[in-house]
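Now for the letters of each chain:
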Amino acid sequence: MYKPVPARPKKTDIVRSRTGCQGCRERKTKCDEQKPTCGTCARLGKVCRDRDREFRFRVTTGRAEATDRSSTSQAFELTGSDGSAFADLDLIRSLQHTERDIFYSTYWEGQCLPALHPIFHSTSRHITNNVMLRDAILALSSCNLSRLHAEQRTQSTTSMGLFSPSLIHQTRSQLYYSSAIRRFASLNQLEYQANPTLSLTVLVLFAYIESSMGNFHGFSCHVQGLSKLFINIHDAVLSSTFTPLLSAWMQVRFVVWWARAYFSSIEVHQQLPSITLPPSLNAPCTSLHERRVTILSIMCEAHRISFQAALKHWSSDATCPDPNPTETPNPQVLLAEQSHRLDEWLSHLPPSEQPIPPTQSTPSPAHQTNEPIIFPSHDAALNFAYSLVARIMTSPSFLATLPSTNPKDLGHECSASTPFLTLLLRILSGINLHTSLVQNTYTIGFSSLLLASLLRCQDPSLSLEIQSWLQKLNDVHPTEEGAFPVYQALRVARAVHRQRTEHGFDVFAISLPVDDGGGWPKFSAYNSQRIEGLVLHGKWRGSGRLGEVRVWV
């Protein structure tokens, strides 16, 4: 008989401590783990702090060592607050399918839901009962993760930026999305009618994905699908969940409309259609998100009217008289209608969504102009910012003085917008940038609001302040905010500011020399368009002559 194998001798008697204090770990010395103060900290007169074992996820990019893996791979590294790594988990290759689902479901609950309409909180409870809904939710979750965690390019180009979305999470998002699309396409008419709320929920989630990716063609397909769905769901219109989902759907429609307006040619901008709110959303608003859809409607429509009327001065048919002048609506009248809607919206704004009053009873002038304006919530601040941009766009004096060459008008065409732009910048000074990046994912963000407001600003100090805020946002997260490329907005803001300060050319609109249809979906970039040059439409302050300047950005 064989004798038992003798125990293998230990190579070392060193026992590594996992519960030593933070100070000994940083000094890389052995901790005797005495309480409340270890011997080393007592000898050095230091405060003995326990290690913080709180875990968090961190995106890292590194070399894969295994030969069956690609040369570079993005992984999630589970780390402690001190930066020490406990595990290296490749989400595509190391996690099982069920574990991936759990991971993206957890991310959905913690990161995506705060940026969405509250109706999705109740919708998420059905994720385990419907595979199609689950795949749509996980597709949006992984898409969001891919866009918030950027990878630095090995070879960058000026037009596309230095970063690209996470390839691993983007790939996973497309797999979930394909699965959800296949299941949705297999539904028949009876299944649509049996559960119209589910169908609408999934289509809205699809629309959010296409909006995040800048896929205008894909989004248009979902618009057609929803239009067909609405024809057959008369009984569902009055349901308690249908109207909130409709609000979520209309919000993403305004986001896509705004994205198409920046950047497009003059011809496309002048043909951008008006988006009409469904009758069920014209009723008195009862929630913050319903009020958001209303103010987005006012802001986008005022933007459309103002810019289309202004761009006529630079379009190719500007010198041709209108054959039917009486049939063309007067822009001033249309803007007055939007201004009246804005007054109504503000009159019904509850105190919980209005600015918090300052603590000083009699603020000084400096206090009035420089102190940040604080709101009870980020969503309330964003809604109020929309109202300020809408007020800027409905200014009646801009269109009246734009073609004027009267010296008293030169340099003052946008003077009526200055007080509202000042208020907007005060709101921004009280906004947390990280919160803005996360919660503005599925709506129009501050960066694009500033770009629109910059085109109605002639004050160099305010123009520079806009540029400075965009630079701060770029320093925090240089990719996108509100699905709008931050670095692209910053480049345009610099070009506009340079024309005003160095050349005396006030820019009132921007366009592409040749329209590209909105570009390609943003699978590997944060902007869908390879924009290298823009046409700046403006007015020479010295002569009052309207003109165009082409710049490289």
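Before any of the text, the structure's been laid out above.
A brief structural summary. (Residues numbered from 1 in each chain as written. Predicted model: local features only at pLDDT ≥ 70, side-chain atom pairs only at ≥ 80, totals over all residues. Heavy atoms only, no water.)

### Quick notes on the overall build of the protein chain
Counting secondary structure elements, the protein chain contains 21 helices and 10 strands. Counting all 553 residues of the protein chain, 50% fall into the buried class. By sequence separation, contacts in the protein chain at least 24 residues apart represent 70% of the contacts at least 6 residues apart. Summed over all atoms, the accessible surface of the protein chain reaches about 27,300 Å², with 55% contributed by carbon and sulfur. (Helix = DSSP H or I, 4+ residues; strand = E, 2+ residues; numbered from the N terminus. Buried < 20%, exposed > 50% of the residue type's maximum accessible area, 1.4 Å probe, protein only. Contact = heavy atoms within 4.5 Å. Areas by Shrake-Rupley, 256 points an atom, 1.4 Å probe, with all protein chains shown as cover.)

### Considering the pattern of salt bridges
Within the structure shown, the criterion is met by 13 salt bridges. Among the salt bridges present, the one from Asp 409 reaches Lys 408, with a minimum N-O distance of 3.5 Å. The class for Lys 408 is exposed, based on a relative accessible area of 59%. As a salt-bridge pair, Arg 541 and Asp 506 come within 2.5 Å of each other at their nearest N and O atoms. In this pair, Arg 541 is assigned in the loop between strand 9 (533-540) and strand 10 (546-552) and Asp 506 in strand 8 (residues 505-511), connecting sequence segments 35 residues apart. Using a relative accessible area of 32% as the deciding quantity, one classes Arg 541 as partly exposed. Residues participating in the shared-partner salt-bridge network are Arg 134, Asp 135 and Arg 183. (Salt bridge = Lys/Arg side-chain N within 4 Å of Asp/Glu carboxyl O.)

### Describing the side chain of His 222
Checked against the element boundaries, His 222 lands in helix 9 (residues 216-231). Among the polar contacts made by the side chain of His 222, one reaches the side chain of Tyr 177 at a distance of 2.9 Å. Leaving out residues up to four positions away in the same chain, His 222 has contacts with Tyr 177, Ile 181, Leu 203, Phe 206, Ala 207, Glu 210 and Trp 249. (Polar contact = N/O pair within 3.5 Å; in protein donor to acceptor, adjacent residues only side chain to side chain.)

### Quick look at helix 17 (residues 418-429)
For helix 17, with 12 residues, the first-to-last C-alpha span of 17 Å sits near the 16 Å given by 1.5 Å per residue. All of the buried residues in helix 17 are Leu 421, Leu 424, Leu 425, Arg 426, Ile 427 and Leu 428. (Expected span 1.5 Å × (residues − 1).)

### What to know about the sheet that holds strand 9
Pairing is antiparallel in the open sheet, where three strands are placed in the order 8-9-10. Whereas interior strands pair on both sides, the edge strands pair on one side only; in this sheet they are strand 8 and strand 10. Across the sheet, the mean angle from the axis of one strand to that of its neighbour is 35°, orientation sign disregarded. In the packing of helix 21 (residues 486-503) onto the sheet, the strands contacted are strand 8, strand 9 and strand 10, and the crossing angle to strand 8 comes to about 155°. (Pairing = 2+ DSSP bridges. Axes fitted to C-alpha atoms, helices over the stretch in contact; angles between N-to-C directions.)

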